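# Structural features, examined
Chain by chain, the residues run as shown.
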Amino acid sequence: MTLLKSQPATLLKVMEHHIQFTENGIAVFDAEDRFIFHNHAFDCIFGLDAAAMDGWTQDDWLTWMYVHRGGVNIEWDSLESWLAYVHRVSRSKPFRRFETDLMDGRWLLVSEQTYPSGHLVLHFADITLQKKTEMELKEAIAKIEHIAQTDELTNLPNRRHILSRFHEELLRSARYKHEFCFGILDIDHFKLVNDKYGHPVGDEVLRHFSRFLREHLRSQDMVGRLGGEEFAVLFPETKLDDALLVLSRINETLRKEKLVQIAPDFTYSFSGGLVSTEPDLMEDCTLLMAKADKALYQAKNGGRNRVLRYQDDSLISIP
């Protein structure tokens, strides 16, 4: 405040020098959106020739960027759409701030100030380093979340994640009155595979079964590993007969699958237990899992290589 009273000329010169030579881009427009000032940093940021900008309006600048594919990374299909968007948001508030990326990969924080006189001031600060750090942090968090939710061996959702999805789908089925099916699958005689061929081969069988299920289930179905040789399958918005048909087809196809890299004529099978919800009832996850597990137990006791469904306290087999 003392400098403002005693040395106004000095202050003005300092401010003029700062505005002209700051690393931040600055542009000023009049009430008709004509350029009345743009500093050197602004020209450099957008790759503009200051001498060629005489008489330019904001639309001239925007058009130049669209035609030359320079400056802002414009994703609009047409120049008219791009201009219409900018016209709609520009001056929409006395002050607004937003981020934008450039064609060369840099990021800018843009501040737009509109004054009662109609003058518009744009300020551009390079935030590339901050944005890079932010993106790296998001990627790291996403990676951590993926690790926390994924079974390391099979790359399927792990027990915690698939049961979380089970709960979500159960709530959704109750809300929208859709039937929902849940199945537990277990590889038959898996202990014998480990004993005869070794645990590395057992791991390969688990990976093969995981890939096989993902390839042969429908796109809307979800599969995860519960642990050991047990897997869970979710069938959203699916009637019991349809879920049975899917598992029957998978069971039949797996019978013909041979893993010659393990041993000549090596095959394996699975058993399964399947349960469905009533569209107008809110079922309990634990109870449904218990029913599916009971159906699985009956399937294994009944000779394996089959799927049983649990419904109305009855068990029905798919040979």
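### Let's talk about the overall build of the protein
If you tally the helices and strands in the protein, you get eleven helices and eleven strands. Relative to a compact globule of 319 residues, whose C-alpha radius of gyration would be 20 Å, the protein shows 32 Å and is clearly more extended. For the C-alpha atoms alone, the extent of the protein along its principal axes is close to 95 × 45 × 45 Å. When each of the 319 residues of the protein is scored for burial, the buried share is 42%. Of the contacts formed within the protein by residues at least 6 apart in sequence, a portion of 54% connects residues at least 24 apart. Only carbon and sulfur atoms are counted for the fraction: they give 54% of the accessible area of the protein, which is about 18200 Å². Charge centroids of the protein, computed over 38 positive and 49 negative side chains, lie 5 Å from each other.

### A word on the environment of Leu-274
Relative to the helices and strands, Leu-274 resides in strand β9 (residues 270–276). Leu-274 sits 34 residues away from Leu-308 along the chain, and the two C-alpha atoms are 6.1 Å apart.

### Structural notes on the packing of helix α8 (residues 190–197) against helix α9 (residues 199–216)
One can describe the packing of α8 onto α9 by two numbers: an axis separation of 7 Å at closest approach and a directional angle of 140 degrees. By the angle class used here, α8 and α9 are oblique. Listed contacts from α9 to Phe-190, Val-193, Asn-194 and Tyr-197 of α8 are His-199, Val-201, Gly-202, Val-205 and Leu-206. For the contact of α8 with α9, the per-class residue count stands at six nonpolar, three polar and no charged.

### Here's the deal with the packing of aromatic side chains
The tally for this structure, following the rule as stated, stands at 17 aromatic pairs. Look at Phe-166 and Phe-182: their rings are 4.1 Å apart centre to centre, the planes differ by 10 degrees, and that puts the pair in the stacked class. Placement of the pair is Phe-166 in helix α7 (residues 159–176) and Phe-182 in strand β6 (residues 181–187), with a sequence separation of 16 residues. Phe-182 matches Phe-166 in its accessibility class, with the two residues each being buried. Taking 6.0 Å as the distance between ring centres and 80 degrees as the angle between the ring planes, the aromatic pair formed by Phe-209 and Tyr-268 counts as edge-to-face. Placement of the pair is Phe-209 in helix α9 and Tyr-268 in the loop between α10 (240–255) and β9, with a sequence separation of 59 residues. Among the aromatic residues, those joined into a cluster by ring pairs are Phe-29, Phe-35, Phe-42, Phe-46, Trp-61 and Phe-124. A cation over a ring is seen here: Arg-69 above Tyr-66, with NZ or CZ 4.4 Å from the ring centre.

### As for α7
Between its first and last C-alpha atoms α7 spans 26 Å; for 18 residues at 1.5 Å apiece the expected length is 26 Å, and the two agree. Among all positions in α7, only His-161, Ile-162, Phe-166, Glu-169, Leu-170, Ser-173 and Ala-174 are buried. Taken together, the buried residues of α7 touch α6 (128–149), β6, β7 (222–227), β8 (230–235) and α11 (285–301). Downstream of α7 by one or two residues, Lys-177 has phi in the positive range, about 60 degrees.

### A closer look at α8
Listed in full, the buried residues belonging to α8 are Phe-190, Val-193 and Asn-194. For α8, the buried positions fall inside an angular range of 95 degrees around the axis, keeping them on one side. Pointing more than 90 degrees away from the buried face of α8 are the exposed residues Lys-191, Leu-192, Asp-195 and Lys-196. Those residues of α8 hidden inside the fold are in contact with β6 and α9.

### Re unusual backbone geometry
Its identity is not glycine, yet Lys-177 carries a phi of approximately 60 degrees, on the positive side. Positionally, Lys-177 belongs in the loop between α7 and β6. The phi torsion at Glu-237 lies on the positive side, around 50 degrees, for a residue other than glycine. Tracing the backbone shows Glu-237 in the loop between β8 and α10. On the basis of relative accessibility, which here comes to 48%, the residue Glu-237 falls in the partly exposed class.

Each value, and the rule that gives it
Throughout this document, residue positions are counted from 1 along each chain, in the order its sequence is written. Whole-chain, interface and lining totals are the exception, using all residues; otherwise, since this is a predicted model, local features are given only for residues with pLDDT of at least 70 and side-chain atom pairs are given and counted only at 80 or more. Based on all heavy atoms of the structure, the side-chain values leave hydrogens and waters out of the count. Secondary structure counts use DSSP, requiring at least four H or I residues in a row for a helix and at least two E residues in a row for a strand, with both numbered from the N terminus. Each radius of gyration reported is based on C-alpha atoms, and the globular scaling rule is 2.2 Å times the count of residues to the power 0.38. Per-residue accessibility, obtained with a 1.4 Å probe over protein chains only, is compared with the maximum for each type, and a residue is labelled buried under 20%, exposed over 50%, and partly exposed between these values. Note on contacts: a residue pair qualifies if any of its non-hydrogen atoms lie within 4.5 Å across the two residues. The protein chains shown are the only cover counted for residues, whose accessible areas, like all others here, come from Shrake-Rupley with a 1.4 Å probe. Working convention for charge: Lys and Arg count positive, Asp and Glu count negative, and His plus the chain ends are omitted. By convention, the charge on Lys lies at NZ, on Arg at CZ, on Asp at CG and on Glu at CD. Helix axes are fitted to C-alpha atoms over the stretch in contact, other axes to C-alpha atoms as well, and angles between N-to-C directions run from 0 to 180 degrees. Here roughly perpendicular refers to angles of 65 to 115 degrees, roughly parallel to angles under 35, roughly antiparallel to angles over 145, and oblique to all remaining angles. Residue polarity follows a fixed list, in which Ala, Val, Leu, Ile, Met, Phe, Trp, Tyr, Cys and Pro are nonpolar, Asp, Glu, Lys and Arg are charged, and the others, Gly among them, are polar. Stacked, edge-to-face and tilted are the three classes for Phe, Tyr and Trp ring pairs, Trp counted by its six-membered ring, which pair at centre distances within 6.5 Å; planes under 30 degrees apart are stacked, over 60 edge-to-face, the rest tilted. In this scheme, Lys NZ or Arg CZ marks a charge over a ring once it lies within 6 Å of the ring centre and within 35 degrees of the ring normal. To estimate the expected span of a helix, count its residues, drop one, and scale the result by 1.5 Å. Working note: the arc is built from the helix axis to C-beta atom directions.

None of the figures reported here should be taken as evidence of function without further support.
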